[in-house]
Amino acid sequence: MAYDPESHVNAQRRERVFTILVAAIFGMVLLRLFSLQVLAGTRYRELSEENRIRVEVLTAPRGEIRDRKGRLMTDNVPSFTVTIDPYEKTYVSNQGYLDSTLVRLSGILGVDPEELIDKVKKERKQSFLVIRLKRNADLKSVAYVSEHRAELPGVEVEAEPLRRYPYGLFASHLLGYVGEISDKELEDPRFATSYMRGDLIGRAGIERQYESYLRGVDGKRFVEVNAMGRKAELLGNKHPILPKRGADVTLSIDLDLQRAAEQAFQPGTRGAVVALDPRTGEVLALASKPNYDPNEFSTGITQARWNEMSQGGNYPLFNRAIQAAYPPGSTLKPFVALAGLDMHAISSTTTFQEPCYGYFQFGRRRFGCWEKTGHGLLSLRDAIKHSCDVYFYQLGVRSGLGRISDFMKRLTASERTGIDLPQERRGLFPDPAWYDRRYGAGRWSKGLVLNLAIGQGEVSLTPIKLVQLTAVIASNGLLFRPHLLRQVTRDGVDIPHAVPLEDSLRSDLGLSQGDLVAVRSAMVAVVNEGGGTGGQARVDSVIVAGKTGTAQNPHGNDHALFICFAPAANPVIAVAVLVENAGHGSSAAAPLAQKVLQAYFHPAKPESAAVIAGN
């Protein structure tokens, strides 16, 4: 075959084109590899690690709560939590297998299977995190899960701190409890950025009030997941971020006094006791009965148990010390007397023209005195000592509703005390404007002031407000905001500005010292003189000043009340007692106050935590 120069040239041209094309392809491949491995290498390496590395949360322990003497009231203990990863690949491809695993676990953990299935279905839609199935699992359950891991894909046993209340029922309304954060709360901007599903949050009491201090900062652990979905600790530069424990809180509470207040109640009794230092406003004891065991909430409470505790007649979750307002009865009389003295409607020696015959006639209505045979002609001191209703009926008429209500506003009777506990309720001392709104302008009886003057009718006060006002008399006219927080420390170092300055907690009401002396003298007579109604509050070697009260209750038996402070000459403690449906304050409430005062001034030898918790 003859040589064709033109064909040779065409062949060389095709060879060069092919070579260039191959070189271009290789160039593009190399360029792409350079882009993937050099330019975008870090990003794809992170994506790769995200596919094989799982970030797990290390729950931070909450801070401890202690009393004023440093005695432990709340802490944490190690516990086991059983979790499941619903996105484990076995379950992603087989939903039925996930349900059967949950049914199997329900028998092991002692939880209703439908409850577990519903919990997982709900939470897996909102998060890719593992789901807690059972907090504080017992060792038998932990051992079973550990031994059958191969048959329970995605199921793990995690170690977590468990909130513990070593005294159980003791001081439960004061301390409060913790519970899992709700879906609604997670939508709240205040919680959305710092809480995750399954996190615990303070629900009541100090746990809720000082959540920002007590809650720690969770850590992180990085684990590598293999092709079988099993995990192992990842070494290298992925070191765990350790959790930081919450701050420790010290309260003004005295455990011994708190114990005395709680033990003063008879079993099955409903009521409250609050004791504070009238010199500072520090709360020394705050008890409400009936109470509950906050440990139940640490491990998760069933809906049935919640309904049992939150419904029915006793309402153990209800903090009667700050959330319930009652007619104060005759415990209001010292303050009505102060009002009359302050406006010069009476003096300490005033006697009214109308003696007490056991009743007072006002218009066509007869208002009775608790003493049916009457008290006769009395001065202010004796009227308080004997708790004469007729004297205070006449004082109410002479003073007038407007002036008495103005004085009660000065005492902040209708305002919250501002105690550092959540959900405090307001009290009420109605004024003319209140009655105008309720009945229409001027369409209410002027005789309403008679009932108000003896602490009946529409007036209502919480036990914490009642003890705050009692402390006004004890402290020569100073109004303190009751408070519980004494100190906040993190790693042994005080957190600055955590505790309010004393000046911000105190205000001077500008009351006459002479008026206060007159009322204090009468309250001393109530407890220490013959014929006084508060004799059952006497304490050896201590002069107690007090006032009994019996509040009418349209729904049952009368409520019993008592207020006091001691020593009368230089008070260091003020106490308010409320016992629901117990009858007379002299016989049902004063003895409880006496037990609290006895514990304060003549304390028994210290006892162990086990003894305290067992009583």
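Criteria and thresholds
- Residues numbered from 1 in each chain as written.
- Predicted model: local features only at pLDDT ≥ 70, side-chain atom pairs only at ≥ 80, totals over all residues.
- Heavy atoms only, no water.
- Helix = DSSP H or I, 4+ residues; strand = E, 2+ residues; numbered from the N terminus.
- Rg over C-alpha atoms; globule rule 2.2 N^0.38 Å.
- Buried < 20%, exposed > 50% of the residue type's maximum accessible area, 1.4 Å probe, protein only.
- Contact = heavy atoms within 4.5 Å.
- Salt bridge = Lys/Arg side-chain N within 4 Å of Asp/Glu carboxyl O.
- Phe/Tyr/Trp six-rings, centres within 6.5 Å; stacked < 30°, edge-to-face > 60°.
- Lys NZ or Arg CZ within 6 Å of the ring centre and 35° of its normal.
- Patch = residues over 30% accessible without salt bridge, like charges linked within 9 Å, V, L, I, M, F, W, Y side chains within 5 Å.
- Areas by Shrake-Rupley, 256 points an atom, 1.4 Å probe, with all protein chains shown as cover.
- Lys, Arg positive; Asp, Glu negative; His and termini not counted.
- Charge placed at Lys NZ, Arg CZ, Asp CG, Glu CD.
- Domains from an automatic or database assignment.
- Buried area = accessible area lost by both parts, 1.4 Å probe.
- Arc of directions from axis to C-beta.
- Axes fitted to C-alpha atoms, helices over the stretch in contact; angles between N-to-C directions.
- Parallel < 35°, antiparallel > 145°, perpendicular 65-115°, else oblique.
- Left-handed = near helix turned anticlockwise from the far one by under 90°.
- Core = buried A, V, L, I, M, F, W, Y, C linked by side-chain atoms within 4.5 Å.
- Pairing = 2+ DSSP bridges.
- Polar contact = N/O pair within 3.5 Å; in protein donor to acceptor, adjacent residues only side chain to side chain.

**Q** I'd like a description of the overall build of the chain, backed by residues and values.
**A** Scanning the chain from N- to C-terminus turns up 26 helices and 21 strands. Over its C-alpha atoms the chain spans a radius of gyration of 35 Å, topping by over 25% the 25 Å that the globule rule assigns to 615 residues. With the C-alpha coordinates of the chain rotated into their principal frame, the extents come out at 155 × 55 × 45 Å. The buried share of the chain, reckoned over its 615 residues, is 50%. Considering only residue pairs separated by 6 or more positions, the chain has 71% of its internal contacts joining residues 24 or more positions apart.

**Q** So what's going on with unusual backbone geometry? Residues and values would help.
**A** Negative phi values dominate among residues other than glycine, just as trans dominates among peptide bonds. With an omega of 0 degrees, the peptide bond running from lysine 289 to proline 290 counts as cis. As for its position among the elements, proline 290 is in the loop between strand 12 (283-289) and helix 13 (295-298). Omega for the peptide link from alanine 566 to proline 567 comes to -15 degrees, which places this bond in the cis form. Locating proline 567 in the fold gives a position in the loop between strand 20 (559-566) and strand 21 (573-579). Unusually for a residue other than glycine, aspartate 491 sits at a positive phi of about 55 degrees. Within the secondary structure layout, aspartate 491 lies in the loop between strand 16 (485-490) and strand 17 (493-494).

**Q** Could you give me a rundown of the pattern of salt bridges, with the residues and numbers involved?
**A** The final tally for this structure, using the stated rule, is 36 salt bridges. Notably, a salt bridge pairs arginine 62 with glutamate 211, separated by 2.9 Å at the nearest N-O pair. Of this pair, arginine 62 sits in the loop between strand 1 (53-58) and strand 2 (65-66) while glutamate 211 is found in helix 11 (residues 211-214), placing the two residues 149 residues apart along the sequence. Since its relative accessible area comes to 7%, arginine 62 is described here as buried. We note a salt bridge from arginine 164 to aspartate 75, for which the minimum N-O separation is 2.8 Å. Taken together, the residues span a long stretch of sequence, with arginine 164 in strand 5 (residues 155-164) and aspartate 75 in strand 3 (residues 72-84) at a distance of 89 residues. Put simply, Asp67, Lys69, Arg71, Asp254, Asp256 and Arg259 are held in one network by salt bridges that share partners.

**Q** An account of the packing of aromatic side chains is requested, with residue identities and associated values reported.
**A** Evaluated as defined, the whole model comprises 17 aromatic pairs. Ring centres of phenylalanine 297 and tryptophan 306 lie 6.3 Å apart, and the angle between their planes is 80 degrees; this geometry places the pair in the edge-to-face category. Take tryptophan 306: its relative accessible area is 31%, and that puts it in the partly exposed class. Ring centres 5.0 Å apart and planes at 90 degrees place the aromatic pair tryptophan 434 and tyrosine 435 in the edge-to-face group. On the accessibility criterion, tryptophan 434 (19% relative accessible area) is buried. According to the relative accessible area criterion, tyrosine 435 is buried, its value standing at 0%. Taken together, Tyr177, Tyr292, Phe297 and Trp306 form an aromatic cluster joined through their ring pairs. Positioned over the ring face of tyrosine 87 is arginine 124, at 5.2 Å from the centre of the ring. Looking at arginine 366, its charged tip hangs above the ring of tyrosine 359, at a distance of 3.8 Å from the centre.

**Q** Hey, could you go over a negative patch on the surface for me, with residue numbers and the actual values?
**A** A contiguous patch of negative charge on the surface is contributed by Asp112, Glu114, Glu115 and Asp118. Of note, aspartate 112 is situated in the loop between helix 4 (95-109) and helix 5 (113-124). Judged by relative accessible area, which is 42%, aspartate 112 ranks as partly exposed.

**Q** Give a detailed account of the domain arrangement of the chain, specifying residues and quantitative values.
**A** Split by domain assignment, the chain resolves into domain 1 (53-251) and domain 2 (255-307 + 315-601). The C-alpha centroid of domain 2 is placed 44 Å from the C-alpha centroid of domain 1. Facing the 37 residues of domain 1 at the interface are 36 residues of domain 2. Regarding the contact of domain 1 and domain 2, the summed buried area is about 3,300 Å², with carbon and sulfur atoms giving 58% of it. In terms of surface lost to domain 2, no three residues of domain 1 exceed Arg68, His173 and Tyr177, which account for 22% of the buried area on that side.

**Q** Describe helix 19 (residues 401-410), listing the residues and the values that go with them.
**A** Where helix 19 is concerned, the buried positions are Leu401, Ile404, Ser405, Phe407 and Met408. Angular distribution of buried residues about the axis of helix 19 spans 155 degrees; they occupy a single face of the element. Along its buried surface, helix 19 packs onto helix 16 (333-342), helix 18 (389-399), helix 20 (432-439) and helix 21 (448-453). Positive phi appears at threonine 412, one or two residues downstream of helix 19, with a value of about 60 degrees.

**Q** Account for the packing of helix 16 against helix 19, with residues named and values stated.
**A** Look at helix 16 against helix 19: their axes get within 10 Å of each other, and the N-to-C directions meet at 110 degrees. Here helix 16 is positioned roughly perpendicular relative to helix 19, judged by the angle of their axes. Two packed elements cross with a definite hand, and for helix 16 against helix 19 that hand is right-handed. Of helix 19, the residues touching helix 16 (which contributes Phe335, Val336, Leu338, Ala339 and Asp342) are Phe407, Met408 and Arg410.

**Q** Requested: an account of the side chain of arginine 215, with residues and values cited.
**A** Among the secondary structure elements, arginine 215 is positioned in the loop between helix 11 and strand 8 (219-225). Setting aside anything within four residues of it in sequence, one finds arginine 215 in contact with Arg62, Ser194, Tyr195, Asp199, Leu200 and Gly246.

**Q** Could you give an account of the nonpolar core, with specific residues and numbers?
**A** Looking at soluble globular proteins, one finds that nonpolar side chains tend to be buried together. Within the largest apolar cluster, 139 residues are counted, with the highest numbers of intra-cluster contacts made by Phe392 and Val575. In terms of residue count, helix 22 (residues 463-474) provides more of this core than any other element does, eight residues in total. Taken domain by domain, this core gets at least three of its residues from each of domain 1 (53-251) and domain 2 (255-307 + 315-601). Once residues lying within four places of it in the same chain are set aside, the contact partners of phenylalanine 392 are Lys333, Val336, Ala337, Leu380, Ala383, Ile384, Ala453 and Ile454.

**Q** For the sheet that holds strand 11 (residues 271-276), give the residues involved together with the corresponding values.
**A** Neighbouring strands of a sheet are bound in pairs by backbone hydrogen bonds; such pairs are parallel or else antiparallel. If you trace the five strands from one edge of the open sheet to the other, you get 12-11-21-20-19, paired in antiparallel fashion. Strands with a single pairing partner mark the edges of an open sheet, and in this sheet they are strand 12 and strand 19 (545-551). Here the average twist between neighbouring strands, direction ignored, is 5 degrees. Sheet topology places strand 19 next to strand 20; seven bridges connect them, and they run antiparallel. Its bridge partner lying in strand 20, alanine 551 is registered against histidine 559. With respect to the sheet, helix 23 (residues 513-528) is in contact with strand 19 and strand 20, its orientation differing from that of strand 19 by roughly 75 degrees. Along the sheet, helix 25 (residues 590-601) contacts strand 11, strand 12, strand 20 and strand 21; its crossing angle with strand 21, the most-contacted strand, is approximately 150 degrees.

**Q** I'd love a proper account of the environment of serine 93, names of residues and values included.
**A** In this structure, serine 93 sits in the loop between helix 3 (89-92) and helix 4. Judged by its relative accessible area of 64%, serine 93 is exposed. Taking the C-alpha atoms as reference, serine 93 lies 61 Å from glutamate 282; in sequence the two are 189 residues apart. A distance of 3.3 Å separates the side chain of serine 93 from the backbone oxygen of lysine 89, its partner in a polar contact. Separated by 3.3 Å, the side chain of serine 93 and the backbone oxygen of threonine 90 make a polar contact.

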